[in-house]
Amino acid sequence: MATKEAKAPATLDLETRLHMYRTQVALRQFETRAYDLFLENYVKGTSHLSIGQEAIAAGVAEAMRPTDWTFATYRGHAHTLARGVPMTPVFAELMGRANGLMAGKGGSMHLTSVEHGVMGSYAIIGAHLPIACGAAWSAQYRGTDQVAVCFFGDGTTNIGAFHEALNFAVIWSLPVVFWCENNLWMEYTRTSEVTAVVNPAADRASAYGLESIIVDGNDADAVYQVACDAVELARAGGGPSLIEAKTYRHGGHSRADPGKYRPDEEIAEWMQRDPLPLYRTRLLEAGVAEEELAAIDESVRLEVELATEEAKAGPIPGEDLLLKDVWADGGAAWRN
Amino acid sequence: MATKEAKAPATLDLETRLHMYRTQVALRQFETRAYDLFLENYVKGTSHLSIGQEAIAAGVAEAMRPTDWTFATYRGHAHTLARGVPMTPVFAELMGRANGLMAGKGGSMHLTSVEHGVMGSYAIIGAHLPIACGAAWSAQYRGTDQVAVCFFGDGTTNIGAFHEALNFAVIWSLPVVFWCENNLWMEYTRTSEVTAVVNPAADRASAYGLESIIVDGNDADAVYQVACDAVELARAGGGPSLIEAKTYRHGGHSRADPGKYRPDEEIAEWMQRDPLPLYRTRLLEAGVAEEELAAIDESVRLEVELATEEAKAGPIPGEDLLLKDVWADGGAAWRN
Amino acid sequence: MAQLTYREAIARGIAQEMRRDPSVVMLGEDVGAAGGVFKGTVGLLEEFGDVRVRDTPISEQAILGAAMGAAMTGLRPIAEIMFADFFAVCWDIVANEIAKSRYMTNGQLSFPLVIRSGNGGGLRFGAQHSQAVENWAMMIPGLKVVVPANALDVVGLMAASVRDNDPVIFLEAKGLYATKMEVPDGEIVDTLGSAKVVRKGTNATIVALGMMVPRALQAAEELAANGIDCTVVDVRSLVPLDTATILSEVSATGRLFTVEENPRLCGWGGELASIVAEELFYDLDGPIVRITTPHIPLPAADVLEDLAIPSVERIVTTVHKSMNS
Amino acid sequence: MAQLTYREAIARGIAQEMRRDPSVVMLGEDVGAAGGVFKGTVGLLEEFGDVRVRDTPISEQAILGAAMGAAMTGLRPIAEIMFADFFAVCWDIVANEIAKSRYMTNGQLSFPLVIRSGNGGGLRFGAQHSQAVENWAMMIPGLKVVVPANALDVVGLMAASVRDNDPVIFLEAKGLYATKMEVPDGEIVDTLGSAKVVRKGTNATIVALGMMVPRALQAAEELAANGIDCTVVDVRSLVPLDTATILSEVSATGRLFTVEENPRLCGWGGELASIVAEELFYDLDGPIVRITTPHIPLPAADVLEDLAIPSVERIVTTVHKSMNS
Ligand SMILES: Cc1ncc(C[n+]2csc(CCOP(=O)(O)OP(=O)(O)O)c2C)c(N)n1
Ligand SMILES: Cc1ncc(C[n+]2csc(CCOP(=O)(O)OP(=O)(O)O)c2C)c(N)n1
Ligand SMILES: [Mg+2]
Ligand SMILES: [Mg+2]
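Presented here is an overview of the structure given in this document.

A closer look at the environment of V42 of chain D
When you line up the elements, V42 of chain D lands in the loop between β2 (24–28) and α2 (44–48). C-alpha separation for the pair V42 of chain D and R12 of chain D, spaced 30 residues apart in sequence, amounts to 9.3 Å.

A word on the environment of V118 of chain B
Residues and elements named next belong to chain B. Looking at the secondary structure, you find V118 in strand β3 (residues 118–122). You can call V118 buried: its relative accessible area is 1%. Distance in space between the C-alpha atoms of V118 and W327 is 21 Å, their sequence separation being 209 residues. With residues up to four places along the chain from it excluded, the contact list for V118 reads T70, H79, T80, R83, V85, L111, T112 and S113.

Re the pairing of strand β6 (residues 212–216) of chain A
Residues and elements named next belong to chain A. When you tally the buried positions in β6, you get four out of five residues, the bulk of the element. The sheet contact formed by β6 and strand β7 (residues 241–246) spans four bridges and is parallel. Its bridge partner being in β7, D216 is matched across the sheet by K246.

With respect to the coordination of the magnesium ion (ligand 4)
Distances from the magnesium ion (ligand 4) to its protein donors, D154 of chain B (OD), N183 of chain B (OD1) and W185 of chain B (O), fall at 2.0 to 2.3 Å. All donors of the magnesium ion (ligand 4) come from a single chain, and their spacing in sequence reads D-x28-N-x1-W.

Focus on the interface of chain D and chain A
Facing the 34 residues of chain D at the interface are 35 residues of chain A. By the criterion of area lost to chain A, the three top residues of chain D are I58, Q128 and L304 of chain D, representing 22% of everything that side buries. Linking chain D with chain A are one salt bridge. Salt-bridge contacts for K44 of chain A lead to D302 of chain D; the nearest nitrogen and oxygen are separated by 2.9 Å. Summed over the shared surface of chain D and chain A, the result is seven residue pairs in polar contact (both at pLDDT 80 or more). If one sorts the elements of the side of chain D that touches chain A by residue count, helix α11 (residues 302–308) of chain D sits on top with five residues. Class assignment of the residues belonging to the side of chain D that touches chain A gives a composition of 21 nonpolar, six polar and seven charged.

Topic: the coordination of the magnesium ion (ligand 3)
Residues and elements named next belong to chain A. At 2.1 to 2.3 Å from the magnesium ion (ligand 3) lie its protein donor atoms, namely D154 (OD), N183 (OD1) and W185 (O). Coordination of the magnesium ion (ligand 3) draws on donor residues from a single chain, spaced D-x28-N-x1-W in sequence. Of this pair, D154 sits in the loop between β4 (148–153) and α6 (160–171) while N183 sits in the loop between β5 (176–182) and β6, and the two are 29 residues apart along the sequence. Here D154 and N183 have matching classes, each one buried.

Details of the site of ligand 2
Lining the immediate surroundings of ligand 2 are 22 residues, of which Y74, R75, T156 and E187 of chain B together with E60 of chain C lie closest. Site remark: ligand 2 is flanked by residues from chains B and C. Backbone polar atom of W185 of chain B to an oxygen atom of ligand 2: 3.0 Å apart, as the coordinates give it. Between ligand 2 and E187 of chain B, the relevant distance is 2.8 Å, taken from a nitrogen atom to a side-chain nitrogen or oxygen of the residue. With the chains in place, 98% of the 580 Å² that ligand 2 exposes on its own is no longer accessible. Here the residues of the shell around ligand 2 sort into eleven nonpolar, six polar and five charged.

Notes on unusual backbone geometry
For the peptide bond that leads from V239 of chain C to P240 of chain C, omega is -5°, which places it in the cis range. Residue D325 of chain B is not a glycine yet carries a positive backbone phi of 65°. Tracing the backbone through its elements, the reader meets D325 of chain B in the segment after α10 (290–312). A residue is classified by how much of its surface remains accessible, and D325 of chain B, at 7% relative accessible area, is buried.

Description of the packing of aromatic side chains
In this structure the tally under the stated criterion is 36 aromatic pairs over all chains. Taken together through their ring pairs, the aromatic side chains of Y6, F38, F83, F86, F125 and Y177 of chain C make up a single cluster. In this arrangement the basic side chain of R273 of chain B is found over the ring face of W270 of chain B, its NZ or CZ atom lying 4.1 Å from the centre. If you follow K144 of chain D out to its NZ or CZ, it ends over the ring of W327 of chain B, 5.1 Å from the centre.

Quick word on the environment of C133 of chain A
Residues and elements named next belong to chain A. In this structure, C133 sits in helix α5 (residues 128–142). Since its relative accessible area comes to 1%, C133 is described here as buried. Taking C-alpha positions, C133 is 29 Å from H19, a pair spaced 114 residues apart along the chain. Those residues in contact with C133 that lie beyond four places of it in its chain are A165, F168, A169, L174 and F178.

Basis of the calculations
Residues numbered from 1 in each chain as written. Chains lettered and ligands numbered in written order. Predicted model: local features only at pLDDT ≥ 70, side-chain atom pairs only at ≥ 80, totals over all residues. Heavy atoms only, no water. Helix = DSSP H or I, 4+ residues; strand = E, 2+ residues; numbered from the N terminus. Buried < 20%, exposed > 50% of the residue type's maximum accessible area, 1.4 Å probe, protein only. Contact = heavy atoms within 4.5 Å. Pairing = 2+ DSSP bridges. Donors = N, O, S within 2.8 Å, 3.2 Å for Na, K, Ca; no water. Buried area = accessible area lost by both parts, 1.4 Å probe. Salt bridge = Lys/Arg side-chain N within 4 Å of Asp/Glu carboxyl O. Polar contact = N/O pair within 3.5 Å; in protein donor to acceptor, adjacent residues only side chain to side chain. Nonpolar A, V, L, I, M, F, W, Y, C, P; charged D, E, K, R; others polar. Near = heavy atom within 4 Å. Areas by Shrake-Rupley, 256 points an atom, 1.4 Å probe, with all protein chains shown as cover. Phe/Tyr/Trp six-rings, centres within 6.5 Å; stacked < 30°, edge-to-face > 60°. Lys NZ or Arg CZ within 6 Å of the ring centre and 35° of its normal.

Structure, rendered in structure tokens:
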């Protein structure tokens, strides 16, 4: 099957674009702060940033309805925030505070906000692809028009669950969009060194009778366009899509990893393609005033400041949380 | 990548063909007897026959060297015998006797004869594909020129381990041949109903950068030819192959399953393509005398009779076997 | 009132719940048209149609992932893992995802689902199709674990499991599929976390599960003929565990024997022993003794398999010897 | 003699064996160029080259399948499963294939391999990256299970595991990676199946494993200050289990406390309790008490994780209370 090289559409309404701009700025500033908080030891566990990959989260979220579902990985801050989850509970969760999104019980790798359609961040590679199928099956069975969007990395295409989920989604024609964020690297190993094909997701599409779709993951407009197509196809009963977005993480894999295993030229090349300045320039060229963008930047800055303080002010989780909510009755009793 | 439709070669030496004829007759007669023994309650556990699929076992085994390795499934009688394992211990194993191939400890689904390169029959779908990779890796590392051949069914192409093994074998360029016996059915469900592509193995080959290869699994000559190519490619360092052989099981999935879920026309059509009479006719047409073939049939008949009696005469496993060979020291002690 | 086999009871229990609640759906390999490889789901496709009863590919991770995703978005799926041994190919979805996600999300998500599976030995299927994995499930926080020992309990516990708002691992004793009993007509709903005293005795308490229950009962009859009068408790539900019943029965007799099909190490009987050894230490009149499958993979040959899994004879001998020493 | 961290000891042990035996090979995710995500394999790629030290895709079934196939054909692979939680994605290869194939084939095949993995909590990684799964491995017949508690034992037990002809699950306590001790130069080879008495006392015996060992020791010091003098046993190897040492130490003090990082149900302490409750029934002076992580998924927040995993304080309090009641 032919590879579809998605292009940014000629026109896209300005409101949408400004919103995507704001989302990208928010993600960038949030995660920059999260990194600082990690270094300052406010964030105690691990943390996986999407800095450099924001265009994907922004573009896809823009194409979704509030009732649609996101399934993310441990690298899930961006996808969580892009769906409208406020910053404070996310910062607080990273810090293990009681005002965290899951009161500190989940941590950075398990952000979930059902109210916003963020149906979980999953930290075991591959697991959430079948789970997203299940949500899509439920939407199909109940006759809602909800769509499940499932994000994962390039390295994830080599685990068994990827294969099972893709086949399953196709045979049941499920409303699910599988979205591979190909940032070239797994943790510290280059994915191309351990993958039999060049495009780890797109080159597998035909194994499930799907179209091979590649998109520039650093271009929010292009991402948005492809996402709209896939989400609406799914919503209309047309079944799943598998999309591979080419992108790059600016930093290391997690925590304080400086990412030194990557060649300088590679980093430099991708910094040239940083989605944020590119998008800003594009908006300026489209006639948006510098002041308008600066105002957005500033409003995000204030939001981050405020959320940081609110999160820091959050209480330490109480002992009562420990034995809460193992079971649906709210408790943890395994015996009478 | 283009699909390679393998054809029987114009000429193939007669000795090889007669040997493949004998193998097919032996497999057919062995399994026909095994079925009777099951009905007579000599075989106590389960049993999965390859009747109708013998051309694959015969053709592939013919292409292998004695030092090569076979990895089979629970449907493994044929592949075990085709590598030269005598009938008596196999019958005895099915009957749970102490003269069984594994003294009754493995049973029908786990036939193994390391001495003959039969490195196990595996009863959990998919597991042995990665294991075959391991053997191939060992051959590569130790610099032997051994090749691992791994058989599995059409339904097995939808489990995760299939995907992991294929990718792994390709990136390490392992001497392993993955051989899908596509008999159209899983247990009682048609594979095409739950598979996103038409050719469950061949249509996935490109997902691992492999050539798509389909062969008529009811034609031992064609199978042999394709197997020679793949085995020699692997032996020469050319890496793995994935081959899909189209075939049909004449009977049910296991035990006494009559296979009634399959349409009569489908069965009738495939009975027309029964590899045994087809091959017999071909040999006759090639000038082999009817008497010669009849003599082979008869010698196999005698072999089956004798083996049946030897197996039936085998002793019941003694209690001492129960706690034997959990560990390499021969025992089962988990404490001092 | 009709004679019902254990295997028929499965479809009866599921049908009862599917009629009542349209959010109950079913999926698994060969569960539809074929009625299940153990014939546990016969008639369900015909009654409920192929939108609610779905055959799947051999993709256990997808099966359970689908069940999980569906459960967290409003359905009540019943998934089948054909043989309990196959939990090993999808254990991540069970142990890491389904079991933990409610807790990790601080209760934002619930997982009202049932995973049924044919468990245990006795059919000469060999080491990869005969395992009793009740302890695999019991050891994972966040899973409920049910193992019925007769057809009536199958119906009632299936109903209770489907109605429960937590994930339930429902293990069907393969060796009991063919057993029969009278089961009343009409709706039957049992309670999770309740053990049953199936025989009252005075000298010792034998606690058993699944296929071991009828064996323990028969052993108790033989022991009674030898002057040892045993209570037999059918645990039925490992999580939640009815320690109240078990502790009171053990304290009444002063002795505990467990009969476990799972291989020895880290079996459920060890857990029980530790509870009793802590909480009833001063009530015990003698050692706690576990009768288990030895810590070995199961052999296929009938004589060997019979030697491995606790038999009536082994229960009788062990209890007898321990009570008389 | 040099100060060695627990994490450095891993590479030291592996290097010792790789130098000795060319059939020892290593594979896993990021184990080569990166030296392992926990830096446990630093320097091995450089010393032994990329034919013996291999980075893999994220394909745990392929990693362990490869290890198994290689082991049965003459190699001695050391495979890494990065976090022990990930055993769930490849449990079939571990529990159904590697563990059972020797027995099923009547001893035709052997599986001399080691699977190393970062085990347990303490790093605030949350429920899917913090599990202590020693009981998962212990419950499967055919697996040996080792959990060293200090750098010296890491080296010696790694060597013993590599040389052993059976599959060994080698669990590295993540919470101890940064701990240091003097480790002698030269070859070090320890013995599987031997527990160590790390403190001798008279009033009670505390049996601990992995990260719980230093906590048990510190608790014993605090208890001693309160007049309770405890023996502390480091189990080191769950399979084979050194019951001789454990039973003799428990019988000497008359009391058993287990300190387990695994969640409560079907933990290794239950197994131990059942052995002691059977074999030392008449030697016990009081209840057997288990101190475990509660039967819950692990929370991520530091304060909550610290509440969940047995702490020095909880050990002290529990032993104290039980000894004085
Ligand atoms: C089953 C499993 N194996 C390994 C890991 C450890 N791990 C976490 S992230 C990661 C790399 C994932 O790479 P990719 O899929 O490309 O996603 P990215 O981190 O680049 O977003 C690995 C190996 C895991 N979490 N789960
Ligand atoms: C993981 C796993 N799931 C399910 C099964 C049960 N099972 C045994 S054979 C079989 C069908 C396999 O079909 P296919 O791969 O086409 O092989 P065939 O039996 O046709 O040779 C199934 C579902 C199993 N053994 N292992
Ligand atoms: Mg990546
Ligand atoms: Mg088939």
